[in-house]
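For reference, the chains in residue letters:
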Amino acid sequence: TEPTSVAYSGIQINAGGIKPGSNVVVFGCGPIGLASIALAKAFGAAKVFAFNTNPARDQLAWDMGADVVKSPRELKKQGSSAGAFVLEQTDGIGAGMVIEATGRFSDVYPDIIQCIGVGARVVQLGIGATPVIFDGGPLLRKNAHIVGSLGQAGSDIFPSVLRLMSSGRIDMRKMITGRYHLEDCAQAIADSGKRDLGHGKVMVSQFYDRKK
């Protein structure tokens, strides 16, 4: 519920919501990125593109509802880019919303700026430590803007996410890839950082039965 509420707050509250029928691009397939994919489909996106550099998480992106899952690194090897790929696949229309959930600004912002459509909103959810310089001209020419969103502050966000879950519109259980007993919390933290395991969301609970 918590990472989904972070994505919900950014997409629906701060960025004004997804226009049904528009294309949505998600950079990053960690818990918040995966939640963004699920919400984008639930809110009526025509096509959701997920860009991810950890192959072990590709299936999670598919499971959460992505229509296209690609690695920017592989596209680069082919002489293309994530931004160019989105434009090609949308006949030049681009994305109505782009969700940044990597925190690797210098890696993804050139692609983000390239793939935005007219009136697009870029939702900044990832937290990064390094600045990035990019050409702001396309933002001006396409009447697009960037919206920052931190956490899930706001009224009725958690309850709204819970109602989406209970109604069956989204199933966030699909991104839970690890369950640990409270006594194994240190192992849970260690495993969550191992990229080869491809973890989505790791859960720790004192009620988890380790014998199962």
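Since the structure is predicted, the reported quantities are computational estimates derived from the model, not experimental observations.

A. Expanded view of the overall build of the chain. For the chain, the count of helices and strands is nine helices and eight strands. In terms of overall dimensions, the chain is globule-like: its C-alpha atoms have a radius of gyration of 17 Å, near the 17 Å expected for 212 residues. Taking the principal axes of its C-alpha atoms as reference, the chain extends roughly 55 × 40 × 30 Å. Relative to its 212 residues, the chain shows a buried fraction of 48%. Contacts spanning at least 24 positions in sequence make up 66% of the contacts within the chain whose residues lie at least 6 apart. Approximately 10700 Å² of the chain is accessible, and the part contributed by carbon and sulfur atoms is 53%.

B. Spatial organisation of the sheet that holds strand 6 (residues 145-148). The six strands are arranged 3-2-1-4-5-6 in an open sheet whose pairing can be described as parallel. Two strands bound the open sheet, and with one partner strand each, they are strand 3 (68-70) and strand 6. Going from strand to strand, the sheet's axes swing by 15 degrees on average, the running direction of each strand aside. Pairing between strand 1 (residues 23-27) and strand 2 (residues 47-51): five bridges, direction parallel. Within the sheet, the bridge partner assigned to Phe-27 lies in strand 2 and is Phe-51.

C. Looking closely at the packing of helix 1 (residues 2-14) against helix 8 (residues 157-167). Close contact between helix 1 and helix 8 brings their axes to 9 Å; oriented N to C, the two are set at 105 degrees. Comparing their axes, helix 8 and helix 1 come out roughly perpendicular. Within the contact between the two elements, helix 1 uses Glu-2, Thr-4, Ser-5, Tyr-8, Ser-9 and Ile-13 and helix 8 uses Ile-157, Phe-158, Ser-160, Val-161, Leu-164 and Met-165.

D. Representation of the pairing of strand 7 (residues 176-181) in the model. Across five bridges, strand 7 lies against strand 8 (residues 201-205) in parallel orientation. Paired with His-181 across the two strands is Ser-205, which belongs to strand 8. Crossover connection from strand 7 via helix 9 (residues 185-192) to parallel strand 8: handedness right-handed.

Parameters at a glance
Residues numbered from 1 in each chain as written. Predicted model: local features only at pLDDT ≥ 70, side-chain atom pairs only at ≥ 80, totals over all residues. Heavy atoms only, no water. Helix = DSSP H or I, 4+ residues; strand = E, 2+ residues; numbered from the N terminus. Rg over C-alpha atoms; globule rule 2.2 N^0.38 Å. Buried < 20%, exposed > 50% of the residue type's maximum accessible area, 1.4 Å probe, protein only. Contact = heavy atoms within 4.5 Å. Areas by Shrake-Rupley, 256 points an atom, 1.4 Å probe, with all protein chains shown as cover. Pairing = 2+ DSSP bridges. Axes fitted to C-alpha atoms, helices over the stretch in contact; angles between N-to-C directions. Parallel < 35°, antiparallel > 145°, perpendicular 65-115°, else oblique. Right-handed = clockwise from strand over helix to strand, strands pointing away.

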